[in-house]
Amino acid sequence: MTLKEKIESHQARVGIIGLGYVGLPLACEFVRAGFSVTGVDTDAAKVDGINRGSSHVQDVTDEVLGSRIGPQGLTATTRVEALRNCDAVIICVPTPLRKTRDPDISYIVSAVDGIASALHKDMLVILESTTYPGTTEEVIRPKLESTGLSAGRDFYLAFSPERVDPGNPRFHTRNTPKIVGGITPECTEMAASLYRQAVETVIAVSSTQCAEMIKLLENTFRSVNIGLVNEIALMCARLNLDVWEVIDAAATKPFGFMPFYPGPGLGGHCIPIDPHYLSWKLKTLNYYAKFIELASEINSNMPHYVVSRIVDALNSLQKSVNGSRILILGIAYKKDISDVRESPALDIINLLQDKGAQVIYHDPHAPEVHLDHAVLRSVSLTDDLLIGSDCTVIVTNHSDYDYPRIVAKARIVVDTRNATRGLTAPRGKILKI
Ligand SMILES: NC(=O)c1ccc[n+]([C@@H]2O[C@H](COP(=O)([O-])OP(=O)(O)OC[C@H]3O[C@@H](n4cnc5c(N)ncnc54)[C@H](O)[C@@H]3O)[C@@H](O)[C@H]2O)c1
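What counts and what doesn't
Residues numbered from 1 in each chain as written. Predicted model: local features only at pLDDT ≥ 70, side-chain atom pairs only at ≥ 80, totals over all residues. Helix = DSSP H or I, 4+ residues; strand = E, 2+ residues; numbered from the N terminus. Rg over C-alpha atoms; globule rule 2.2 N^0.38 Å. Buried ≥ 20, exposed ≤ 12 C-beta atoms within 10 Å, placed from the backbone. Contact = placed C-beta atoms within 7 Å. Axes fitted to C-alpha atoms, helices over the stretch in contact; angles between N-to-C directions. Left-handed = near helix turned anticlockwise from the far one by under 90°. Nonpolar A, V, L, I, M, F, W, Y, C, P; charged D, E, K, R; others polar. Near = placed C-beta within 6 Å. Pairing = 2+ DSSP bridges. Domains from an automatic or database assignment. Arc of directions from axis to C-beta.

A. Here's a closer look at the overall build of the protein chain. Of the regular secondary structure elements, the protein chain holds 14 helices and 15 strands. Over its C-alpha atoms the protein chain spans a radius of gyration of 24 Å, differing by no more than 12% from the 22 Å that the globule rule assigns to 433 residues. For the protein chain, the spread of C-alpha atoms along the principal axes amounts to about 75 × 50 × 45 Å. Looking at the 433 residues of the protein chain, the share that counts as buried comes to 45%. Expressed as a percentage of contacts within the protein chain between residues at least 6 apart in sequence, the contacts between residues at least 24 apart total 69%.

Written out as structure tokens, the structure reads:
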């Protein structure tokens, strides 16, 4: 049976390396479509949890995971050799930045080394991790070809960016269109045919580099537009204008305007990081990516701006940051999720602690957070806590917060998300960014 026939009859065995926010939902989706999936992860605790039906990813409930686990469904392992039995392998490992803000593709390299040891004729290998244009062709291809097998002839190689938006109730793996680009048209078609079994819409593009670039355009687009609107917020503050009113009214224009909203800064594993993969690649070609660097500068300065608003709030109460008790509401990087990676709340907490504040936080989704020098735990959000805090800062606008109660009980509120929109309060009680 050819690989195409195995894919179309759902008899192909799918391997997924990296069972995190991206890999686990994808694995579940392939099982739902009728495939057997081998999930490989270096984290033994995650593997154990998955095999017990206990999910560490918010978008995959224990109920769904429990129904996907089993010999005919998903089996998780730390043993990369298990990929030998797979017909297709998808890489979903992290792509962070180094301290120097250069790409760290070491996780991809180690995953590909593992695949190389399991590579066989007619295997389909797909990279989903976000990375700079050229990675699949320049890094993965030579590593896999060092086995003696040739890409495009003996095995199939493609890139397909992951576009998942954690916590999004409308769009998930199945109904988010999937981009696919292979190193040959046959590779593109093989990868597209695999995704077509599990995802509603698949869009083929001409190359792996094009597919890699599409993801970076999408995330750079967000980073730059958020940077622009954050700067508009700073301008509005100088002009004594309410930036939220300005954006809402501008958004009534039915064409040529798409609203973006200011906030405390960028967070998550994608928007603050991915554009730097692109600017790094361009630096190697003697090109300076101006928009990316400027947006990053403005966005990464937003936690400092939030702290300056907290200083203003405390000042109006004749208090200093030093010695004040500051309550942070929401530390996840966006609403209704638990992910605190790169969250601006962490920068805000560190900055306030450096100034001598006593910082406490509440987050219904993130019970504990590891900071540079300490571990903080979420406190209960009681009336006494709100009354007893010198300043309450809404950093993440989780849906289950009772904002009228927060405004009523808190001494003063700094609202970085316009979560208190429409609420009435005595003049000066709510400071927005
Ligand atoms: N999280 C998102 O919202 C999102 C959205 C789109 C794209 N992406 C991209 O997808 C990729 C994965 O992101 P994520 O959020 O799922 O990361 P994650 O940290 O949640 O998961 C990655 C998993 O890979 C495992 N891992 C690391 N090295 C490994 C190896 N050599 N072999 C096997 N397992 C290994 C880790 O233990 C972890 O469980 C990144 O490139 C990211 O930029 C993420």
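B. Structural detail: the packing of helix α5 (residues 106-118) against helix α6 (residues 135-145). In contact at an axis separation of 9 Å, α5 and α6 are set at 35 degrees when each is read in the N-to-C sense. You can see that α5 and α6 cross each other, and the crossing is right-handed. Of the residues in α6, those touching α5 at I108, V109, V112, D113, I115 and A116 are T135, V139, I140, K143 and L144. Tallied by class, the residues present in the contact of α5 with α6 amount to 8 nonpolar, 1 polar and 2 charged.

C. Broad picture of the site of the ligand. In the vicinity of the ligand lie 27 residues, with G18, G20, Y21, V22 and S129 positioned nearest. Residues of the shell around the ligand, tallied by class, amount to 13 nonpolar, 9 polar and 5 charged.

D. Region of the structure containing the sheet that holds strand β14 (residues 413-415). Spatially, the 5 strands line up as an open sheet ordered β10-β9-β13-β14-β15, and their pairing is parallel. Pairing within the sheet leaves two strands with one partner each, and these edge strands are β10 (358-362) and β15 (430-432). The average undirected angle you get between the axes of adjacent strands in this sheet is 20 degrees. Examined bridge by bridge, strand β9 (residues 325-329) and β10 share 5 bridges and lie parallel to one another. Looking at β10, one finds that I326 is bridged to V359.

E. Quick peek at the environment of A345. Looking at the element boundaries, A345 is found in helix α12 (residues 344-354). Apart from residues no more than four positions distant in its own chain, A345 is found in contact with I328, G330, I331, V395 and T396.

F. Local environment of the sheet that holds strand β3 (residues 74-77). Spatially, 8 strands are ordered β3-β2-β1-β4-β5-β6-β7-β8 in an open sheet, and the strand pairing comes out mixed. Looking at strand neighbours, the two that pair on one side only are β3 and β8 (202-205), the edges of this open sheet. On average, adjacent strands in this sheet sit at an angle of 25 degrees to one another, irrespective of strand direction.

G. Inspection of the domain arrangement of the protein chain at higher detail. Along its sequence, the protein chain is carved into domain 1 (3-206) and domain 2 (252-432). A straight line from the C-alpha centre of domain 1 to that of domain 2 covers 34 Å. Listed by partner, the interface residues are 14 residues for domain 1 and 14 residues for domain 2.

H. Seen up close, α6. Looking at α6, one finds that the buried residues are T135, T136, I140 and L144. Considered in projection along α6, the buried side chains sweep an arc of 75 degrees and stay on one side of the axis. Of the residues in α6, the exposed ones pointing more than 90 degrees away from the buried face are E138 and P142. Against α5, β5 (124-127), β6 (156-159) and α8 (208-239) lie the buried residues of α6.

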